[in-house]
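Here is how the chains run, residue by residue.
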Amino acid sequence: MIALLVRDLRLAVRAGGGFGLGLAFFLIVVVLVPFGVGPEAAILTRIAPGILWVAALLAALLSLDRIFALDYEDGALPLLATSPLPLEAVALIKALAHWITTGFPLTLAAPALGFLLNLDPNAYVYLLLSLLLGTPTLSMIGTFGAALTVGLRRGGLLLSLLVLPLYIPTLIFGAESVRRGAEGLDANTPLLMIAGITAGTIALLPFASAAALRINLR
Amino acid sequence: MSIWEYANPKKFIATTTPLIPWLFGAAFACLAVSLIWGFFFTPDDYRQGSTVKIIYLHVPSAMMAINVWAMMLVTSLIWLVRRHHVSALAAKAAAPIGIVMTLIALVTGAIWGQPMWGTWWAWDPRLTSFLILFLFYLGYLALWAAIDDPDTAADLTSVLCIVGSVFAMLSRYAVNFWNQGLHQGASLSLDAEENVADVFYHPLLLSIAGFVLLFVGLVFLRTQTEIRIRRARALIARTGRN
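Note that residues are indexed from 1 along each chain, following the sequence as it is written. A letter from A marks each chain and a number from 1 marks each ligand, given out in the order of writing. Residues qualify for local features only when their pLDDT is at least 70, as the model is predicted, and side-chain atom pairs are given and counted only at 80 or more; totals for whole chains, interfaces and linings, by contrast, use all residues. To get the side-chain values, all heavy atoms of the structure are used, and hydrogens and water are removed first.

A. Quick look at the overall build of chain A. Only runs of H or I of at least four residues qualify as helices and only runs of E of at least two qualify as strands under DSSP, and these elements are numbered from the N terminus. When helices and strands are tallied, chain A shows 9 helices and 0 strands. The helix and strand sequence of chain A, counted from the amino end, reads α-α-α-α-α-α-α-α-α. Along the three orthogonal principal directions, the C-alpha set of chain A runs to about 55 × 35 × 30 Å. A burial count over chain A gives 51% of its 218 residues as buried. Between two residues, a contact is recorded if the distance between any of their heavy atoms is within 4.5 Å. Within chain A, contacts between residues separated by at least 24 positions form 80% of all contacts whose residues are at least 6 apart in sequence. This count recognises Lys and Arg as positive and Asp and Glu as negative, with His and chain-terminal groups excluded. By convention, the point assigned to a charge is CZ for Arg, NZ for Lys, CD for Glu and CG for Asp. Averaging the positions of the 12 positive and the 11 negative side-chain charges in chain A gives two centres separated by 9 Å. Think of it in three bands: with a 1.4 Å probe and only protein chains considered, a residue is buried below 20% of the maximum accessible area for its type, exposed above 50%, and partly exposed in between.

Dropping the structure here:
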């Protein structure tokens with residue numbers, strides 16, 4: 001399992017593009033927002049939690065179709081399926097590798113971008129916490145979507161259509177917790193809800209992803 | 001005699017063919033009576049005026065939108081567990097009906113909402129969860145359309161349907177949490193203290209019956225079509241090219 005994780009991480013770093021792409025996209029969206037809505041600090045403060053979460057979500061979406069596509073094209077995926085490692089574990093490791101290469105850097109970069117959007121100082125803790133708790137779910141759901149669409153031509157577009165509705169609960173609770181943090185309200189409930197969703201997806205979605213992979217490799 | 005006999009496509013077609021005209025007849029009778037009754041022979045609501053009459057389209061279509069997905073969930077599970085092709089095809093046949101029902105509910109809701117709330121669209125929990133349901137239907141149909149091999153498509157869409165159901169439930173509550181909205185309470189519910197007044201209630205029940213009958217008729221018809229398409233494909237495959 002660890003060997004697979006290390007291999008995936010190495011590939012992600014060496015293949016170029018995939019690793020920094022999400023971060024660059026995140027940065028660009030955040031930079032573009034003030035051009036779109038105007039530079040008034042008060043407005044930016046108000047919309048910053050939502051914008052940061054939506055941008056992080058879209059950035060995570062960007063690299064989803066790479067999760068299985070490369071392994072599928074070079075024939076590594078059937079090998080993984082026949083290896084002693086259960087396919088559920090493969091799906092979990094793939095999601096973990098995706099999280100380490102996109103979700104985790106996004107989480108670390110978010111406070112700096114929050115600064116650009118004039119985010120309320122009280123909200124930084126909640127931004128970090130909610131992204132830390134929420135981005136693993138984004139990777140896990142994305143792995144499921146990638147497993148469904150692996151081997152399809154033009155799978156990338158279909159992938160976003162399938163995955164975005166599944167992202168909605170995470171997005172709602174994530175942005176809500178940051179917003180409540182910014183307004184000094186109690187943000188524990190949405191944070192706990194995200195933690196619950198993440199725990200649920202990590203527990204259940206590897207099985208769904210493995211089932212989808214088995215069907216696709218049949 | 002068990003329900004699994006109808007998993008045989010031949011038996012399914014033989015059983016449902018004579019039922020379809022009766023279902024459509026009953027559905028149109030119910031819909032015609034309930035809509036005419038509802039539109040012309042019920043009084044205006046004391047607060048909402050005549051706009052309340054859209055309820056005869058809005059409430060049944062919204063009910064069907066959810067129940068069609070529930071039916072697809074059940075048939076998907078049956079397909080995954082027992083591999084009955086008719087079951088998978090019924091799910092495929094139901095999805096476009098579900099998407100139309102969701103669309104009717106959304107559009108009539110907007111038409112109703114404009115005079116009542118002064119806006120076509122409010123990001124209210126119920127509206128939003130219906131929009132999400134609409135997106136789920138879109139994704140489901142797109143996945144069916146994207147995969148060539150019918151059995152693979154049936155398997156993958158079934159998995160998607162199950163995962164999607166879980167997330168649809170989650171979204172429903174997440175959206176509630178996110179925003180307390182404008183939408184009035186449920187018009188009908190089994191445990192409510194009081195439902196809508198009887199004058200509106202009786203035509204509404206009839207209209208719901210009409211929608212259900214229409215849906216069952218359409219699902220039978222569309223499932224038959226899917227079975228025949230499958231047969232035609234098998235024949236083409238057996239006799240060689242084109």
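B. Structural view of the interface of chain B and chain A. Across the contact, 27 residues belong to chain B and 26 residues belong to chain A. In this description, buried area is defined as the sum, over both parts, of the accessible area (probe of 1.4 Å) that is lost when the two are combined. In total, chain B and chain A occlude about 2200 Å² of area from one another, counting both sides; carbon and sulfur atoms represent 84% of this. Of all residues in chain B, the largest losses of buried area upon contact with chain A belong to Leu156(B), Phe167(B) and Phe177(B), amounting jointly to 27% of the total for that side. N or O atoms closer than or at 3.5 Å make up a polar contact, with two conditions inside protein: a donor-capable atom paired with an acceptor-capable one, and, for residues adjacent in sequence, both atoms drawn from side chains. Summed over the shared surface of chain B and chain A, the number is 0 residue pairs in polar contact (both at pLDDT 80 or more). For the side of chain B that touches chain A, the secondary structure elements donating two or more residues are helix 4 (125-146) and helix 5 (150-178) of chain B. Ranked by residue count, the leading element in the side of chain B that touches chain A is helix 5 of chain B, at 15 residues. When residues are grouped by polarity, Ala, Val, Leu, Ile, Met, Phe, Trp, Tyr, Cys and Pro land in nonpolar, Asp, Glu, Lys and Arg in charged, and all others, Gly among them, in polar. A breakdown of the residues in the side of chain B that touches chain A according to their chemical character gives 19 nonpolar, 4 polar and 4 charged.

C. Examining the environment of Lys53(B) more closely. Residue and element names in this part refer to chain B. Relative to the elements of secondary structure, Lys53 occurs in the loop between helix 1 (9-40) and helix 2 (55-82). Given a relative accessible area of 10%, Lys53 falls into the buried group. When the C-alpha atoms of Lys53 and Gly38 are compared, they prove to be 6.5 Å apart, with 15 residues separating the residues in sequence.

D. Representation of the side chain of Thr16(B) within the structure. Residues and elements named next belong to chain B. Structurally, Thr16 can be placed in helix 1. On the basis of relative accessible area, Thr16 is assigned to the buried category, the value being 4%. There is a polar contact of 2.7 Å between the side chain of Thr16 and the backbone oxygen of Phe12. When neighbours within four sequence positions are excluded, Thr16 is seen to be in contact with Phe220 and Gln224.

E. Inspection of the packing of helix 3 (residues 85-117) of chain B against helix 4 of chain B at higher detail. Residue and element names in this part refer to chain B. Where helices are involved, their axes are fitted lines through C-alpha atoms of the stretch in contact, as for all axes, and angles between N-to-C directions lie from 0 to 180°. Across the interface, helix 3 lies against helix 4 with an axial gap of 9 Å and an inter-helix angle of 150°. Judged by the inter-axis angle, helix 3 sits roughly antiparallel to helix 4. For the element pair helix 3 and helix 4, the recorded crossing hand is left-handed. Of helix 4, the residues touching helix 3 (which contributes Ala88, Ala91, Lys92, Ala95, Pro96, Gly98, Ile99, Thr102, Leu103, Ala105, Leu106 and Trp117) are Leu127, Phe130, Leu131, Leu133, Phe134, Tyr137, Leu138, Tyr140, Leu141 and Trp144. By residue class, the composition of the contact of helix 3 with helix 4 is 19 nonpolar, 2 polar and 1 charged. Oblique is the label for any angle not covered by the other classes, which are roughly parallel (under 35 degrees), roughly antiparallel (over 145) and roughly perpendicular (65 to 115). Should the near helix be turned anticlockwise from the far one by less than a right angle, the crossing is left-handed, and should it be turned clockwise, the crossing is right-handed.

F. Here's a closer look at the nonpolar core. Judged by nonpolar contacts, the single largest core of 114 residues is most densely connected at Phe26(A), Phe144(A), Met72(B) and Tyr140(B). Ranked by the residues each element gives to this core, the list is headed by helix 8 (residues 155-182) of chain A, at 12 residues. Other than its neighbours up to four places away in sequence, Phe144(A) contacts Leu166(A), Leu205(A), Ala208(A), Ser209(A), Val159(B), Leu160(B) and Val163(B). Core analysis: the next-biggest nonpolar cluster, separate from the first, contains 9 residues, Ile54(B), Tyr56(B), Val59(B) and Leu204(B) among them. In plain words, nonpolar cores are sets of buried Ala, Val, Leu, Ile, Met, Phe, Trp, Tyr and Cys residues tied together by side-chain atoms within 4.5 Å.

G. Inspection of the layout of surface pockets at higher detail. Only protein atoms enter the calculation, which uses a 1 Å grid: trapped sets of points that fit a 1.4 Å probe without letting it out are cavities, open sets showing protein on both sides within 12 Å along at least five of seven lines are pockets, and any residue with an atom within 4 Å of a point is a lining residue. Grid points are joined across faces, edges and corners, and a volume is the space filled by probe spheres set on the points. The computed volume of the second largest pocket comes to approximately 650 Å³. Forming the walls of the second largest pocket are 23 residues, and the residues nearest its centre are Gly50(A), Ala175(A), Glu176(A), Arg179(A) and Trp178(B). Of all the secondary structure elements, the ones that give two or more residues to the lining of the second largest pocket are helix 3 (41-62) and helix 8 of chain A together with helix 4 and helix 5 of chain B. Taken together, the residues of the lining of the second largest pocket sort by class into 15 nonpolar, 3 polar and 5 charged.

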